Amino acid sequence: MGPGPVNADPRVLRALSTPLVGQYDPVMTGYMAQTQALYREVFATRNDATLLVDGTSRAGIEAALVSLVRPGQRVLVPVFGRFGHLLAEIAQRAGAEVHTIGTTWGQVFPTSVVEEAVRRVRPHLLAVVQGDTSTTMNQPLDELGDVCARHGALFYTDATASLGGNPFEADAWGLDAATAGLQKCLSGPPGSAPLTLSDRAVEVVRGRRRVEAGIREDDDEDVGEPIGSNYFDLGMVLDYWGPRRLNHHTEATSMLYAAHECARVLLDEGRQKVVDRHARAGRAMLAGVRGLGLGVFGDLGHRMHNVVAPVIPDGVDGEGVRGALLHDFGIEIGTSFGPLRGRVWRIGTMGVNARLDTVLTTLAALEHVLRRAGVPVPPSGGVDAAADAWAEG
Ligand SMILES: *Cc1c(COP(=O)(O)O)cnc(C)c1O
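The protein is annotated in an unreviewed UniProt entry as Alanine--glyoxylate aminotransferase family protein of Cellulomonas shaoxiangyii. According to its UniProt record, the protein has this under Sequence similarities (unreviewed entry): "Belongs to the class-V pyridoxal-phosphate-dependent aminotransferase family."

Here you go:
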């Protein structure tokens, strides 16, 4: 019940044990094509260039940023938590001229503030985290595509922690690139990063290769010195996943099975139904935490559905409570970083764990541990409030 990784769906664990085949086996190329089609639905996009990057979520982030950005180009990152700093750092390593805007932890950016910065910085790329688990905030993205279009910027988001559990519309929001991982709301293991690129982003990726590898426009042959990452060169990864199937890396077969099954599990239940279930479980957990008399961190009008940050009561040893929950109840909740260290816990309700029973047992256990720690918690206050909130639907 932490902010991720969380339990995998049993169907996904079974898929991981499927016998292995090589990436040119027709069965495997078939799975790859199916996986692309499934993730088009998950991201709500018609982008042809929808595929998996082999590696954890940050492999997807890195692939997107190093492939979309050339050294010296301006990248704007609105930072509202830990993962915004990660985007800025990766863009920096890609040689970009990185500009950031900041806000207090627990807040998101109004569109007007982002637009003002885009107008001032005139970035090649706007890179924004959608759900930042470090603060539990969910940055609205639905108006930022228009902002980018007005100012000629590419628009990228890291949706690792939010995809599946919160609304996400790659095409309708005008995204040029989005990346994710499996270990949050998609109920899978870490190790595969679904990614989608708009046609415009594909042009940029391919143009970048031509410039840097010295590939002639009139000839497909590579005639120059390649620079930058090989593994994360999305031009090469696209040729590998695309109809040409040009050899690149050995596909991480078992992770592809897992990613394929994660998408099927989600789409079998229904995209909107999964978001609704996360919203319902998140509301129940929020109500339960308050029912225990705890404060909750952040702007609750912009919280992620799938993680909540209860304020640690004065005088309580936060790590001691986490340890008791883990050792006595087998329930893991999260600690926190940076300015929130020691101030809040983070409790997740995501993926296969976004259920009534997990919410209630977590709150019952937390009530017990808090009472033992000397906190005057209302008896059954958490469970009652959560059950009521859940019943409201
Ligand atoms: C959890 C999370 C990640 C995780 O990256 P990994 O490489 O899978 O560890 C990345 N971005 C965000 C926003 C996250 O919440």
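1. With respect to the pairing of strand β2 (residues 74-79)
The buried count for β2 comes to five of six residues, which makes it a mostly enclosed element. One ladder, built from six bridges, connects β2 with strand β3 (residues 97-102); its direction is parallel. Across the sheet, residue Val77 finds its bridge partner in β3, namely Thr100. The handedness of the β2 to β3 crossover, carried by helix α4 (residues 82-93), is right-handed. Relative to strand β4 (residues 125-129), β2 runs parallel, the two being bridged by two bridges. Following the sheet pairing, Leu76 is matched in β4 by Leu126.

2. Considerations on unusual backbone geometry
Negative phi characterises most residues that are not glycine, and trans characterises most peptide bonds. Look at the link from Gly4 to Pro5: it is a cis peptide, with omega at 5°. Notably, Ser187 is not glycine yet its phi reads approximately 60°, a positive angle. Inspection of the secondary structure puts Ser187 in the loop between β8 (177-179) and β9 (192-197). A relative accessible area of 5% places Ser187 in the buried class.

3. A look at the UniProt feature "modified residue: N6-(pyridoxal phosphate)lysine" (unreviewed entry) in the protein
Per the UniProt entry, the sites bearing "modified residue: N6-(pyridoxal phosphate)lysine" (unreviewed entry) are Lys184 in this numbering. If sequence neighbours within four positions are ignored, Lys184 has contacts with Pro3, Gly4, Val6, Thr133, Thr160, Ala161, Met350 and Gly351.

4. Looking at helix α6 (residues 144-151)
Residues of α6 that are buried: Leu144, Gly145, Val147 and Cys148. One face of α6 carries all of its buried residues, which in axial projection span an arc of 160°. Residues of α6 that are exposed and angled more than 90 degrees away from the buried face: Asp146, Ala149 and Arg150. Against the buried residues of α6 lie α5 (111-121), β4 and β7 (154-158).

5. Topic: the UniProt feature "binding site: substrate" (unreviewed entry) in the protein
UniProt feature "binding site: substrate" (unreviewed entry): in the numbering of this structure it lies at Arg346. Within the secondary structure, Arg346 is located in the loop between α11 (318-329) and β11 (347-348). Judged by its relative accessible area of 5%, Arg346 is buried. A distance of 2.7 Å separates a polar atom in the side chain of Arg346 from the backbone oxygen of Thr133.

6. Points about the environment of Ala279
Note on placement: Ala279 falls in helix α10 (residues 271-291). Spatially, the C-alpha atoms of Ala279 and Leu325 are 24 Å apart, while their sequence positions differ by 46 residues.

7. Quick notes on the site of the ligand
Taken together, the residues surrounding the ligand are Thr56, Ser57, Arg58, Phe83, Val129, Gly131, Thr133, Asp158, Thr160, Ala161, Gln183 and Lys184. Classifying every residue of the shell around the ligand by side-chain character gives three nonpolar, six polar and three charged.

8. Looking at the environment of Ala44
Among the secondary structure elements, Ala44 is positioned in the loop between α2 (26-43) and β1 (49-54). On a C-alpha basis, the gap between Ala44 and Asp158 in space is 15 Å, while along the polypeptide they are 114 residues apart. In this structure, Ala44 is in contact with Phe168, Glu169, Ala170, Asp171 and Arg271, ignoring residues within four places of it in sequence.

Here is what the cut-offs are and how they apply
Residues numbered from 1 in each chain as written. Predicted model: local features only at pLDDT ≥ 70, side-chain atom pairs only at ≥ 80, totals over all residues. Heavy atoms only, no water. UniProt positions renumbered as here; feature names shortened; annotations may be inferred. Buried < 20%, exposed > 50% of the residue type's maximum accessible area, 1.4 Å probe, protein only. Helix = DSSP H or I, 4+ residues; strand = E, 2+ residues; numbered from the N terminus. Pairing = 2+ DSSP bridges. Right-handed = clockwise from strand over helix to strand, strands pointing away. Contact = heavy atoms within 4.5 Å. Arc of directions from axis to C-beta. Polar contact = N/O pair within 3.5 Å; in protein donor to acceptor, adjacent residues only side chain to side chain. Near = heavy atom within 4 Å. Nonpolar A, V, L, I, M, F, W, Y, C, P; charged D, E, K, R; others polar.

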